[in-house]
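# Descriptive structure summary
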Amino acid sequence: MTLFEASFYNDEAALLLFDQHKLIAVNQAAVSFLGTATDDLIGRDYQDFFPNADFDDHAVVQGMKLPSGKHLSVVSRRQTLGTGQLVVKIRNPLMEEHHLASEELVADTHHFRLLLEKLNDVMQELTHCESLGDLYREAVALGQKHLGFDRLGILLVDHETQEQVGTWGIDTNGQLVDESRWRGPLENTAWLAEAIRNPKFCHFWDDVDLLNWGEFVGRGWNGMANLWDGERVFGWVSADNLIHQKPLTPAQQQVFRLFALNIGQLIVRKRAELALQQANAELENRIALKTQDLNDRLRELESVQQQLIEQEKHASLGNLVAGVAHEINTPLGNSQMAVSHLQYLSGHLQKQFALGALTKTELTQSIVEISEAASLLESNFRRAVELVRSFKQLATDQTDEQMMLVNLHDIIANVLSSFYNQYKNRPLSCFNQVACDVRFYCAPAKLTQIITNLLDNGLRHAFPADLAHKGRIGFSAELTGQQLRLVYADNGVGIRPDLIGKVFEPLRTSQRMATVGLGLTIIYQFVTQDFGGQVRCENTEPNGVRISLEFPVLLDSNQEEIA
């Protein structure tokens, strides 16, 4: 096949090849256009196709007759190849118009795709705006820059005042301006009524007056699209072509609709985010104020509690002082009587001796009585000295905060001795079952306070006057490694089941008494907070209470403190 033949048969245009007035070849495009088989076309005369055209006239031929007899208004271009041969290229205006329309559609589609890509980029940037003001400004600026709109503006609706409120826009010079101070009434127009009624409202006006804050600035196309929050319209996006006067393309119309829709969604989301942030800030502020108030109240309660604890300590110490004073009063009273008797005997002997009336019998009797009085004095003074020693040791233990080696048996013995006056005339017995070798390092003040409060609580609450059986109250202990288990136990009336879990709460007491009900609270605080241990209280069978205290202790003064 020659180059001419290849070009002829593969050309997209309809081509006819005549030789001496006869059609000798057609390409596929011509067959499709004429609507007849190739065999039915070959051999036909030139005049059959162009009845009004001269074969020898090499000008453009107007009009063509199809094999069906139908005439078409076409334009055919002729080209002479040689003697007697002619190529006719058929151009159909309808087909070219369709072709041009197709090309325009392709161009519009490409333009639309590019605008969509730019719109996506614009929306991505707008998602980073931190405030509504930033969102309005950037939406207008980016819309003008990337989407091909000369002027853009965002207007909001104040439904309470029935006004339009400006945000940001493009002025007549194409510059971005802050329009947030502008407010204007909602005009009673047909388009506005339609926009309020139809949430999806988006409309374009072609060749209309373009205004700038009510003043005429030119003519061109104008577009408006609703901003909608799902319940009602809250504003509009507007655009026009005032500056460059470019016609509005279908692609721009669609992109403008999408732009307004996305802007509306971003505004709604940003409003929700800001409302949530404000609510969170208000909530955090309320929580902070409430927390501050609770902290102030807590500090007040801690201060009051500390004062009550100090009062309880002083009350406990006062009771000890009163008990020891009463206990010392007995041996001192006996000693005073013995001294008085010795004074009497001494005076009587001196008088009888001076008179010479002193008999051997009387002297012997006086010597016996003097010996008995001296013995009584010695035993009572020894008892007083022991009480003073115990009280001194107890007072020292309750004020000494320095770490020292303590003997738990001796501490409990001193406390029991100081309370002797409170139970000696009652059907009670107190016991100390702690081994004498239970020794460890601690600050004895708090340990003494714990034992004192346990004993005082038992003596006050466990044994009412009508108790049928003899009461017992006392302590035992077990030291395992560095863990001490100290147990208080009595066989008194026990604790009501509804109070057994609350005995360590502040001000918890089951009877009316002079103290403020913090004895067990102090124990709980010392053991759990200061000693790093735990406390458990339980009723025992058939009656009574057991309070177990477990906490770590130091066996060596060089050890680090455990609590």
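Before going into details, it helps to say that this report is about the structure given with it. Quick caveat, the model's predicted, so the values are computed rather than measured.

Before going further, it helps to examine the packing of aromatic side chains. In this description, a pair of aromatic rings is defined by centroid distance and the angle of the planes. Going through the model one piece at a time under the given rule, you end up with 13 aromatic pairs. Plain terms: the ring middles of F149 and F256 are 5.5 Å apart, the flat faces sit at 75° to each other, and that makes the pair edge-to-face. Of the two residues, F149 is situated in the loop between α6 (132-147) and β6 (151-158) and F256 in helix α8 (residues 250-355); the sequence distance between them amounts to 107 residues. Here F149 and F256 have matching classes, each one buried. Each ring, one from F204 and one from W221, has its centre 6.5 Å from the other, and the planes form 65°; the classification is edge-to-face. In this pair, F204 sits in strand β10 (residues 202-212) while W221 sits in strand β11 (residues 215-228), placing the two residues 17 residues apart along the sequence. Across the pair, exposure class does not vary: F204 and W221 are buried alike. Put simply, the rings of F18, Y46, F49 and F50 touch in pairs and so form one group of aromatic residues. Above the plane of the ring of W168 lies R137, whose end atom (NZ or CZ) is 5.7 Å from the centre.

Further remarks concern the sheet that holds strand β14 (residues 428-432). Strand order in the open sheet made by the five strands is β14-β16-β17-β19-β18, with mixed pairing throughout. Of all the strands in the sheet, the pair left with one neighbour each is β14 and β18 (534-539). On average, each strand axis in the sheet is inclined to that of its neighbour by 10°, with strand direction left out of account. Bridge count between β18 and strand β19 (residues 545-552): six bridges; the pairing is antiparallel.

A few words now on the nonpolar core. In this structure, L408, F475, I547 and L549 are the most contacted members of the largest nonpolar core, which totals 42 residues. Those elements giving two or more residues to this core turn out to be α10 (408-418), β15 (439-442), α12 (444-461), β16 (471-480), β17 (483-490), α13 (519-530), β18 and β19. Sorting elements by how many residues they give to this core places α12 first, with six residues. Ignoring any residue separated from it by four or fewer positions in sequence, one finds L408 in contact with V434, V438, F440, L447, I451, A477, L484 and L486. Counting residues in each nonpolar core, the second largest holds 36 residues, with A139, F234, V237 and V255 among its members.

This next bit is on the pairing of strand β2 (residues 22-26). Direction of pairing for strand β1 (residues 14-19) relative to β2: antiparallel, over a ladder of four bridges. Within β2, the position partnered with L17 by the bridge is A25. Counting the residues that bridge the hairpin from β1 to β2 gives two residues, and of these Q20 lies at a positive phi of roughly 55°.

Take the pattern of salt bridges next. Scanning the entire structure with this criterion turns up 19 salt bridges. Notably, a salt bridge pairs R496 with D498, separated by 3.0 Å at the nearest N-O pair. Of the residues examined, R496 reaches a relative accessible area of 48% and is grouped as partly exposed. D498 gets classed as partly exposed once you look at its relative accessible area, which sits at 43%.

What counts, and where the lines are drawn
Position numbers for residues count from 1 along each chain, tracking the sequence in the order it is written. Thresholds applied to this predicted model are a pLDDT of at least 70 for local features of residues and 80 or more for the giving and counting of side-chain atom pairs; totals over whole chains, interfaces and linings are not thresholded and use all residues. Calculation of side-chain values draws on the structure's entire complement of heavy atoms; hydrogens and water are dropped beforehand. Here a Phe, Tyr or Trp ring, Trp counted by its six-membered ring, pairs with any other such ring whose centre lies within 6.5 Å, and the pair is stacked when the planes are under 30 degrees apart, edge-to-face when over 60, and tilted otherwise. Secondary structure elements follow DSSP: runs of H or I of four or more residues count as helices, runs of E of two or more count as strands, with numbering from the N terminus. When accessible area is computed with a 1.4 Å probe and restricted to protein chains, residues below 20% of their type maximum are described as buried, those above 50% as exposed, and intermediate ones as partly exposed. Consider the ring centre and the ring normal. A charge sits over the ring if Lys NZ or Arg CZ is within 6 Å of that centre and within 35 degrees of that normal. Two strands pair if DSSP finds at least two bridges between them. All axes here are fitted lines through C-alpha atoms, helices being fitted over the stretch that makes contact, and every angle between N-to-C directions spans 0 to 180 degrees. As used in this record, nonpolar core signifies buried Ala, Val, Leu, Ile, Met, Phe, Trp, Tyr and Cys residues forming a set joined through side-chain atoms within 4.5 Å. By the convention used here, residues are in contact when the closest approach between their heavy atoms is within 4.5 Å. Note on definitions: salt bridges are taken to be side-chain nitrogens of Lys or Arg within 4 Å of carboxyl oxygens of Asp or Glu.

As far as function goes, none of this settles anything; it's purely spatial.
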